[in-house]
Amino acid sequence: MRDFAADLHIHTCLSPCGELAMSPRAIVSAAVSRKLDLIAVTDHNTSRMTEVVAREAARCGIAFLHGLELQTEEDVHLLAYFEDAAAARGFSDRIYDLLPDRANVPDVFGDQVAVDEHETIVCTEHRLLLNSLRLGFEAAVAWITEAGGLAVPAHVDRVPYGLVAQLGMVPEGVDLPLAEADGNALPPECRKSALMWSSDAHTPDAVGRRFTVFHIAAPTVAELLKAARSEHGRSLHVVRASKSGDAS
Amino acid sequence: MTLQELATALEWDVQCVGADLDVAVLGGYCGDLLSHALATAKPGEVWITIQHHANIVAVAQVTGLAGIALAGGVRATDAVVERAREAGVPIFSSADSAFILAAKIHHALRSEAR
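Now for a quick tour of the structure.

What counts, and at which threshold
- Numbers given for residues are sequential positions, taken from 1 along each chain in its written order.
- Throughout, the order in which chains and ligands are written sets their labels, letters from A for the former and numbers from 1 for the latter.
- This being a predicted model, a pLDDT of at least 70 is required before a residue's local features are given, and a value of 80 or more before pairs of side-chain atoms are given or counted; all residues contribute to the totals for chains, interfaces and linings.
- Side-chain metrics rest on all non-hydrogen atoms present in the structure, leaving aside hydrogens and water.
- A run of H or I in DSSP becomes a helix once it reaches four residues, and a run of E becomes a strand once it reaches two; helices and strands are each numbered from the N terminus.
- Atoms counted for the radius of gyration: C-alpha only. Globule rule: 2.2 Å times the number of residues to the power 0.38.
- Two residues qualify as a contact provided that any one of their heavy atoms is within 4.5 Å of a heavy atom in the partner residue.
- Note on areas: Shrake-Rupley with a 1.4 Å probe; residue coverage comes only from the protein chains shown.
- For the purpose of charge, His is not counted, nor are the chain termini; Lys and Arg are scored as positive and Asp and Glu as negative.
- The location of each charge is read from NZ of Lys, CZ of Arg, CG of Asp or CD of Glu.
- Partly exposed describes any residue whose relative accessible area lies between the buried limit of under 20% and the exposed limit of over 50%, with all areas from a 1.4 Å probe on protein chains only and scaled to the type maximum.
- By the criterion applied in these results, polar contacts are pairs of N or O atoms within 3.5 Å in which, for protein atoms, one can donate a hydrogen and the other can accept it, and in which residues neighboring in sequence qualify only through two side-chain atoms.
- By definition, the arc is the one covered by directions from the helix axis to the C-beta atoms.
- Once two parts are brought into contact, the accessible area they lose, counted with a 1.4 Å probe and summed over both, makes up the buried area.
- Salt bridges are defined as contacts in which a side-chain nitrogen from Lys or Arg sits within 4 Å of a carboxyl oxygen from Asp or Glu.
- Nonpolar residues are Ala, Val, Leu, Ile, Met, Phe, Trp, Tyr, Cys and Pro. Charged residues are Asp, Glu, Lys and Arg, and all others, Gly as well, are polar.
- By convention a nonpolar core is built from buried Ala, Val, Leu, Ile, Met, Phe, Trp, Tyr and Cys residues, the set being connected through side-chain atoms within 4.5 Å.
- Each Phe, Tyr or Trp ring (for Trp, its six-membered ring) is paired with any other whose centre lies within 6.5 Å, and the angle between the two planes then decides the class: stacked below 30 degrees, edge-to-face above 60, tilted in between.
- Between the N-to-C directions of two axes lies an angle of 0 to 180 degrees, each axis being a line fitted to C-alpha atoms and, for a helix, fitted only over the stretch in contact.
- Working rule for angles: under 35 degrees goes down as roughly parallel, over 145 as roughly antiparallel, 65 to 115 as roughly perpendicular, anything else as oblique.
- Put simply, a crossing is left-handed when the front helix is turned counterclockwise from the back one by less than a right angle, and right-handed when it is turned clockwise.
- Strands are treated as partners if at least two bridges between them are detected by DSSP.

Quick look at the overall build of chain B
Moving on, step 1. Along its length, chain B carries five helices and five strands.
Moving on, step 2. Reading chain B from its N terminus to its C terminus gives the helix and strand order α-β-β-α-β-α-β-α-β-α.
Moving on, step 3. A compact globule built from 114 residues would reach a C-alpha radius of gyration of about 13 Å, and chain B, at 12 Å, matches this within 12%.
Moving on, step 4. At a minimum sequence separation of 6, the contacts of chain B that also span at least 24 residues come to 45%.
Moving on, step 5. Accessible surface, chain B: about 5400 Å² in total, of which carbon and sulfur atoms supply 57%.
Moving on, step 6. Here chain B carries 7 positive and 12 negative side-chain charges, and the mean point of each set is 6 Å from the other.

This is the structure in structure tokens:
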């Protein structure tokens with residue numbers, strides 16, 4: 001068992017709001033300089049960029065989870081994590097069909113480009129990714145879980161797009177062991193979840209500005225779950241990086 | 001004006017039967033952010049929304065809203081209707097947009113007040 005300093009909410013240049021500078025190389029290099037052990041990239045409603053970032057992370061000795069940030073029918077932002085690239089890809093393909101067929105307007109929303117490890121643009125996504133899926137919150141959580149992933153509501157205390165703002169409370173019967181918040185503590189509505197911090201970085205300098213240290217045996221979905229539930233000696237705590245970039 | 005009178009006048013589809021429609025409508029509340037509804041909707045108001053998540057029932061119950069008017073042809077699922085029935089929260093569905101629906105409700109309440 002060891003500590004994994006983890007930033008599990010990072011956008012790449014494929015997200016319309018993510019800077020073009022958010023290439024695989026830039027993200028991983030920022031993670032290395034921030035001394036992170038585990039990262040996940042989580043673009044809006046797609047996992048398309050995760051495999052190239054995973055290869056770059058592996059090259060630099062950083063553990064990686066394939067992530068997405070879903071936007072449900074109720075405008076709730078929901079993070080999803082997969083260990084397996086194929087599972088993430090399959091999930092991403094499945095939800096793409098539930099994304100409204102509205103074109104991105106780059107001047108308004110930003111560019112949506114996928115790049116390779118050399119920072120060469122390989123394709124442009126024309127459908128607006130930052131949009132609500134035709135999929136309700138509970139169904140989204142169920143789909144993620146069924147696909148072997150971990151569902152974590154993003155910035156639950158943010159207005160709008162946070163779970164509490166959009167839905168007022170955690171829907172009955174939904175188990176959310178882990179929840180990300182912007183604030184120092186989870187809102188009372190989410191008191192059954194464990195608190196996770198991440199950067200929600202859209203620029204390289206923001207990577208790792210806030211993160212979570214997981215005391216786990218391996219960087220897997222199952223281990224994150226155990227840490228969230230404080231099972232078998234696993235644990236977690238949140239950390240805000242100091243200005244110098246060192247953990248405080 | 002009671003909820004029943006309003007529903008009849010505006011030709012709403014009553015999705016949740018069995019709830020008490022004989023309550024006075026005191027005004028309206030518009031919005032789809034449930035946290036905002038929880039914080040600001042007042043007892044006796046009709047809630048105009050396109051939000052059809054099951055949590056609307058709890059929000060209406062807690063705030064004492066007279067009922068929920070789903071706009072734009074949005075309909076509650078059977079599961080939500082069942083929950084509303086248990087909670088005694090009336091749910092209606094209207095083909096009108098939220099904008100038109102709000103105008104019609106406002107007009108109906110004002111006409112009665114004159």
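Quick word on the side chain of A:Gln112
All names here are of chain A.
Moving on, step 1. Assignment of secondary structure puts Gln112 in the loop between α4 (106-109) and β5 (113-115).
Moving on, step 2. Of the residues examined, Gln112 reaches a relative accessible area of 1% and is grouped as buried.
Moving on, step 3. At 2.7 Å, the side chain of Gln112 forms a polar contact with the backbone oxygen of Arg127.
Moving on, step 4. Within the structure, Gln112 has its side chain in polar contact with the backbone nitrogen of Leu129 (distance 2.9 Å).
Moving on, step 5. When residues no more than four places from it in sequence are discounted, the contact partners of Gln112 are Cys13, Leu14, Pro16, Asn104, Cys123, Thr124, Glu125, His126, Arg127, Leu128, Leu129 and Leu130.

Details of helix α5 (residues 137-146) of chain A
Residue and element names in this part refer to chain A.
Moving on, step 1. All buried positions along α5 are accounted for by Phe137, Ala140, Val141, Trp143 and Ile144. Across the axial projection of α5, the buried residues extend over an arc of 165 degrees, all falling on one side. In α5, those exposed residues whose orientation departs by more than 90 degrees from the buried face are Thr145 and Glu146.
Moving on, step 2. Against β3 (63-71), β4 (77-82), α3 (85-96), β7 (150-153) and α6 (163-167) lie the buried residues of α5.
Moving on, step 3. Of the residues one or two after α5, Gly148 is the one with positive phi, at around 85 degrees.

A few points about the interface of chain A and chain B
How big an interface is tends to be expressed through the accessible area that disappears when the partners come together.
Moving on, step 1. Listed as interface residues are 13 residues of chain A and, on the opposing side, twelve residues of chain B.
Moving on, step 2. Interface area, chain A with chain B, both sides summed: about 940 Å², of which 54% is carbon and sulfur.
Moving on, step 3. Linking chain A with chain B are one salt bridge, by the criterion used here.
Moving on, step 4. The partner of B:Arg83 in a salt bridge is A:Glu172, and the shortest N-O contact between them spans 3.6 Å.
Moving on, step 5. Across the chain A-chain B interface, the total number found is six residue pairs in polar contact (both at pLDDT 80 or more).
Moving on, step 6. Per-element tally for the side of chain A that touches chain B: the top contributor is α6(A), with four residues.
Moving on, step 7. Tallied by class, the residues present in the side of chain A that touches chain B amount to seven nonpolar, two polar and four charged.

Some words on the environment of A:Ile95
Residue and element names in this part refer to chain A.
Moving on, step 1. Tracing the backbone shows Ile95 in helix α3.
Moving on, step 2. Separated by 91 residues in the primary sequence, Ile95 and Phe4 have C-alpha atoms spaced 30 Å apart.
Moving on, step 3. Not counting residues within four places of it along the chain, the set of residues in contact with Ile95 comprises Asn45, Leu68, Leu70, Leu133, Leu135 and Trp143.

Quick look at the nonpolar core
Moving on, step 1. In this structure, A:Ile39, A:Leu70, A:Phe137, B:Trp47 and B:Ile91 are the most contacted members of the largest nonpolar core, which totals 82 residues.
Moving on, step 2. Here this core gets five residues from one element, more than from any other, and that element is α5(A).
Moving on, step 3. Setting aside anything within four residues of it in sequence, one finds A:Phe137 in contact with A:Thr72, A:Glu74, A:Val76, A:Leu78, A:Leu163, A:Leu167, A:Pro171, A:Val174 and A:Leu176.
Moving on, step 4. Among the nonpolar cores identified, the runner-up in size contains 21 residues, and A:Leu65, A:Met196, A:Phe214 and A:Val221 belong to it.

Quick look at the packing of aromatic side chains
All names here are of chain B.
Moving on, step 1. With the rule as written, the count across this model stands at three aromatic pairs over all chains.
Moving on, step 2. For the pair Trp12 and Phe92, a centre-to-centre distance of 5.0 Å together with 45 degrees between the ring planes defines the contact as tilted. Placement of Trp12 in the loop between α1 (3-9) and β1 (13-14) and of Phe92 in strand β5 (residues 91-93) is noted, with a sequence separation of 80 residues between them.
Moving on, step 3. By relative accessible area, Trp12 is classed as buried at 7%.

Thoughts on helix α1 (residues 24-33) of chain A
Residues and elements named next belong to chain A.
Moving on, step 1. The set of residues buried in α1 consists of Pro24, Ala26, Ile27, Val28, Ala30 and Ala31.
Moving on, step 2. Check the buried side of α1 and you find it contacts β1 (2-10), β2 (38-44), α2 (50-59) and β5.
Moving on, step 3. Two residues or fewer past α1, Lys35 is found with a positive phi of approximately 60 degrees.

A closer look at the packing of α1(A) against α2(A)
When two helices pack together, their arrangement is given by the angle between the helix axes and by the axis-to-axis distance.
Residue and element names in this part refer to chain A.
Moving on, step 1. It is at 9 Å that the axes of α1 and α2 come closest, and there the two elements cross at 40 degrees. What the angle tells us is that α1 and α2 run oblique. As α1 runs across α2, the sense of the crossing is right-handed. Contacts from Pro24, Arg25 and Val28 of α1 reach α2 at Val52, Val53, Glu56 and Ala57.

Considering the sheet that holds strand β11 (residues 235-240) of chain A
In sheet architecture, strand pairing relies on hydrogen bonds along the backbone and comes in two forms, parallel and antiparallel.
Residue and element names in this part refer to chain A.
Moving on, step 1. The sheet built from seven strands is open, its strands ordered β7-β4-β3-β2-β1-β10-β11 with mixed pairing. For this open sheet the edge positions go to β7 and β11, each flanked by a neighbour on one side alone. For this sheet, the mean inter-axis angle between neighbouring strands, taken without regard to orientation, is 25 degrees.
Moving on, step 2. When strand β10 (residues 210-216) meets β11, the two strands line up antiparallel, connected through six bridges. In the sheet register, Phe211 faces β11, and the bridge partner there is Val239.
Moving on, step 3. Strands β2 and β3 of the sheet are contacted by α2, whose axis makes an angle of about 155 degrees with β3.

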